[in-house]
Every structure is written in structure tokens, then in C-alpha cells.
Amino acid sequence: MPPGRLPGEVFRACPSGRRPPGRPRTRWRDYVSRLAAAPATRPQISVKEDDNTLTVFIVSVLGGVIGLVIIVMVIKAVVLHFLRKGNEKNKECLVSTSGNDNTENGLSGAKADNKDTPKA
């Protein structure tokens, strides 16, 4: 940097003398420390405690309704389970286990439909 330019002179300057009188600037840390040290200077806000009887009543009714719905659903599932088991026992067996294929009687059956002529 060539000599005589303002930035170079400011960089090399050695200030002499004292700072001007007056109160120094307030730093954020000092301000927060002062507020924490003197809490009595702030206005106190009185908080009124609410009566939450209605809220407790509503929540308890809602919980009871949810519990009742769950119980009804469980009872329904159990009843349907037993009804299905009862229906399975009463079903007729549609497949004959006797070994007769009904083709001897002239009735069409699964075995008669699937027979092909042998190819030699």
C-alpha cells in the first residue's frame, strides 16, 4: 500500500490521550445479569387458578364412551367367532367319500369329463 493513504495511516496510528467522559455502553450480558439479580423490580402478575371440574367431567365421560365401544367390539368379535364355528360344524359335505364316481349311473361327473381317448 503506498504511503499517505488513509487506511494505512489509521492502521499504523497510536492514539494518545484518554477516552471522552461518559457512561460506557450497556452490553447485553450486563443487562441480563442486572435483570436476573433484581426480580423484585418487575411487576408481579397474579395467576388465578381455574376450576377444572368441567374439564375432568368431559374427559371422564369421553374415556367411558371409548371404553364402552371397545368392550362392545370385543363382545361382537367373540360372538361372531362362536357363530362361525357353529356354522362350520353344520355344513354338509358336498364331496362324496364313498368312491362312486356316478359315471356308472349315466350321470356326468368330473372323472367322465376328463377321460381322453388313448393315442397310440
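These numbers come from a predicted model, not from an experiment. (Residues numbered from 1 in each chain as written. Predicted model: local features only at pLDDT ≥ 70, side-chain atom pairs only at ≥ 80, totals over all residues. Heavy atoms only, no water.)

## Describing the overall build of the protein
Next up, step 1: Of the regular secondary structure elements, the protein holds four helices and zero strands.
Next up, step 2: Order of helices (α) and strands (β) in the protein, N terminus to C terminus: α-α-α-α.
Next up, step 3: Relative to its full complement of 120 residues, the protein shows a buried share of 2%.
Next up, step 4: Carbon and sulfur atoms make up 60% of the accessible area of the protein, which amounts to about 12700 Å² in all. (Helix = DSSP H or I, 4+ residues; strand = E, 2+ residues; numbered from the N terminus. Buried < 20%, exposed > 50% of the residue type's maximum accessible area, 1.4 Å probe, protein only. Areas by Shrake-Rupley, 256 points an atom, 1.4 Å probe, with all protein chains shown as cover.)

## Quick notes on the UniProt feature "transmembrane region" (unreviewed entry) in the protein
Next up, step 1: Cross-referencing UniProt, the feature "transmembrane region" (unreviewed entry) maps to residues 56–83 in the present numbering.
Next up, step 2: The distance separating the terminal C-alpha atoms of residues 56–83 is 41 Å; by composition the span is 100% helix and 0% strand. (UniProt positions renumbered as here; feature names shortened; annotations may be inferred.)

## Considering a nonpolar patch on the surface
Next up, step 1: On the surface, Leu54, Phe57, Ile58, Val61, Val65, Val69 and Met73 cluster together into a nonpolar patch covering about 680 Å² of accessible area.
Next up, step 2: Along the chain, Ile58 turns up in helix H3 (residues 53–90). (Patch = residues over 30% accessible without salt bridge, like charges linked within 9 Å, V, L, I, M, F, W, Y side chains within 5 Å. Salt bridge = Lys/Arg side-chain N within 4 Å of Asp/Glu carboxyl O.)

## Notes on the pattern of salt bridges
Next up, step 1: On inspection of all chains with the given rule, the structure shows one salt bridge.
Next up, step 2: Of the charged contacts, one joins Arg27 and Asp30 as a salt bridge, the two residues approaching to 3.1 Å between their closest N and O atoms.
Next up, step 3: Residue Asp30 is classed as partly exposed on the basis of its relative accessible area of 33%.

## Thoughts on the confidence of the model for the protein
Next up, step 1: Residues with a pLDDT of 70 or more make up 68% of the protein, whose mean pLDDT is 76.
Next up, step 2: Confidence scores differ between elements of the protein, with helix H4 (residues 110–114) showing the lowest mean pLDDT of 52 and H3 the highest of 91. (pLDDT = per-residue confidence, 0-100.)

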